[in-house]
Amino acid sequence: MSAFPRITTARLVLREFAPSDAAAVQRLAGAREIAEQTLLPHPYEDGTAEAWIASCRAARQGGTEIVFAAERVRDRVLIGVIGLALEAHHARAKLGYWIGVPYWGRGYATECAAAVVAFGFESLALERIWAPRFRGNAASARVLEKIGFAHEGCRREYVAERERTETVEQHGCLRWEYFARVGQCGCLPEPAFAFH
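The shown structure was predicted, so the numbers you read here are calculated from the model rather than taken from an experiment. Every chain's residues receive numbers from 1 upward, in the order its sequence appears when written. The model is predicted, so local features are restricted to residues of pLDDT at least 70 and side-chain atom pairs to those at 80 or more, both for listing and for counting; the totals for chains, interfaces and linings are taken over all residues. Water and hydrogen atoms play no part in the side-chain values, which are based on all heavy atoms of the structure.

Student: Go over the confidence of the model for the protein chain, please, and point to the residues and values.
Tutor: Detail in the predicted coordinates should be disregarded across regions flagged by low pLDDT. A score between 0 and 100, pLDDT records how confident the predictor is in each residue. In the predicted model, the protein chain carries a mean pLDDT of 91, and 91% of its residues have values of at least 70. Two residues qualify as a contact provided that any one of their heavy atoms is within 4.5 Å of a heavy atom in the partner residue. Low confidence marks residues 186-191, where pLDDT is under 50. Its contacts with residues over four positions away, or in another chain, come to ten contacts.

Right, dumping it as structure tokens:
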């Protein structure tokens, strides 16, 4: 298996998770605000982060998922998670992410998502990347719009979580749409990304 890729943006490094990240993952993922916008369990029990990090490594080895730890460059603080669930035989992937509550409102989700989408199309040669979100998650809708994803529809009352039913909105971007968007400015979308 090839080395785990590292992606560098203006403010972030997207890297492989390590066992030492477990405490930070548990602290950030344990916030009720995160659980309300994702399928993460609440409360986020002891041992869950360690098991999840191990599962990320296994999924990467199996070629089914690549999950990045989003870390700030200036202080090496873990701020969130972003990844692609891969369907290699169809050359497509599902984008998923969350940013810890203390880091909301600073553009980190958009920066991460733009970088991982660029990686998916440019390095993995994907044909399609799509992303689901709960209807009430307006912040995620803005992120997906900023990175050029089109709203493709919804699945009404699709996810039953924590004794409530959620409508899931779906957004997506095709390979040709991504490269047409990049080509409009003749460069990669800002900020520039480095894939290692």
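Student: Just give me the short version of the pattern of salt bridges, but keep the residues and values in it.
Tutor: Any Lys or Arg side-chain nitrogen located within 4 Å of an Asp or Glu carboxyl oxygen qualifies as a salt bridge. Under the criterion given, the structure shown has ten salt bridges. Its salt-bridge partner being D21, residue R15 comes within 2.9 Å of it at the nearest N-O pair. Side by side, R15 and D21 carry an identical accessibility label, which is buried. Of the charged contacts, one joins R128 and E152 as a salt bridge, the two residues approaching to 2.8 Å between their closest N and O atoms. Of this pair, R128 sits in strand 6 (residues 128-134) while E152 is found in strand 7 (residues 150-161), placing the two residues 24 residues apart along the sequence. Any residue under 20% of the maximum accessible area for its type is buried, any over 50% is exposed, and the rest in between are partly exposed; the area is computed with a 1.4 Å probe on protein chains only. For E152, a relative accessible area of 40% puts it in the partly exposed group. Numbering of helices and strands runs from the N terminus, with a helix taken as a DSSP run of H or I at least four residues long and a strand as a DSSP run of E at least two residues long.

Student: Provide a residue-level description of the pairing of strand 6, including the pertinent values.
Tutor: When a strand is regular, its side chains alternate between the sheet's two faces. Of all seven residues that make up strand 6, five are buried, and the element is covered over most of its length. Orient the strands so they point away from the viewer, and a crossover whose first-strand-to-second-strand path over the helix runs clockwise is right-handed. You can see the chain leave strand 5 (residues 92-99), run along helix 4 (residues 108-122) and come back into strand 6, and the turn it takes is right-handed. Here a strand pair is declared whenever DSSP counts at least two bridges between the two strands. Pairing of strand 6 with strand 8 (residues 164-174) involves seven bridges; the strand directions are antiparallel. The residue of strand 8 that forms the bridge with R128 is L174.

Student: Give me the nonpolar core: which residues, what numbers.
Tutor: Counting 54 residues, the largest nonpolar core has L14, F68, I82, L95 and F149 as its most contacted members. Here this core takes eleven residues from helix 4, the largest share from any one element. Setting aside chain neighbours within four positions, we find F68 in contact with F4, P5, I7, L14, R15, F17, G80, V81, I82, V116 and F119. Throughout, nonpolar core names a set of buried Ala, Val, Leu, Ile, Met, Phe, Trp, Tyr and Cys residues whose side chains join them through atoms within 4.5 Å.

Student: An account of unusual backbone geometry is needed here, citing residue identities and associated values.
Tutor: Peptide bonds are mostly trans, and most non-glycine residues show a negative phi. A cis amide bond links H42 to the next residue, P43, at an omega of 0°. Structurally, P43 is set in the loop between helix 2 (32-37) and helix 3 (48-62). For A91, which is not glycine, the phi torsion reads 55° and is therefore positive. One non-glycine residue with positive phi stands out, namely A125, at about 55°.

Student: Describe helix 1 (residues 22-29), and please don't skip the residues or the numbers.
Tutor: Residues of helix 1 that are buried include every one of A22, A24, V25, L28 and A29, and no others. For helix 1, the buried positions fall inside an angular range of 165° around the axis, keeping them on one side. Turned more than 90 degrees off the buried face of helix 1, the exposed positions are A23 and R27. At its buried positions, helix 1 is contacted by helix 2, helix 3, strand 4 (78-87) and strand 5. What the arc describes is the spread of directions from the helix axis to the C-beta atoms.

Student: Help me get a handle on the packing of helix 1 against helix 3, residues and values and all.
Tutor: Axes here refer to lines fitted to C-alpha atoms; in helices the fit is confined to the stretch in contact. Angles between the N-to-C directions go from 0 to 180 degrees. One way to put it is that helix 1 packs onto helix 3 with a least axis distance of 8 Å and a crossing angle of 115°. Accordingly, the angle class assigned to the pair helix 1 and helix 3 is roughly perpendicular. Where helix 1 crosses over helix 3, the handedness of that crossing is right-handed. Side by side, helix 1 and helix 3 meet where A22, V25 and Q26 of the first sit next to A49, E50, W52 and I53 of the second. Residues were grouped as follows: Ala, Val, Leu, Ile, Met, Phe, Trp, Tyr, Cys and Pro as nonpolar; Asp, Glu, Lys and Arg as charged; and all remaining residues, including Gly, as polar. A class-by-class count of the residues in the contact of helix 1 with helix 3 yields five nonpolar, one polar and one charged. Roughly parallel refers to an angle under 35 degrees, roughly antiparallel to one over 145, roughly perpendicular to one between 65 and 115, and oblique to any angle outside these ranges. Take the far helix as the reference: if the near one is turned anticlockwise from it by less than a right angle, the crossing is left-handed, and if turned clockwise, right-handed.

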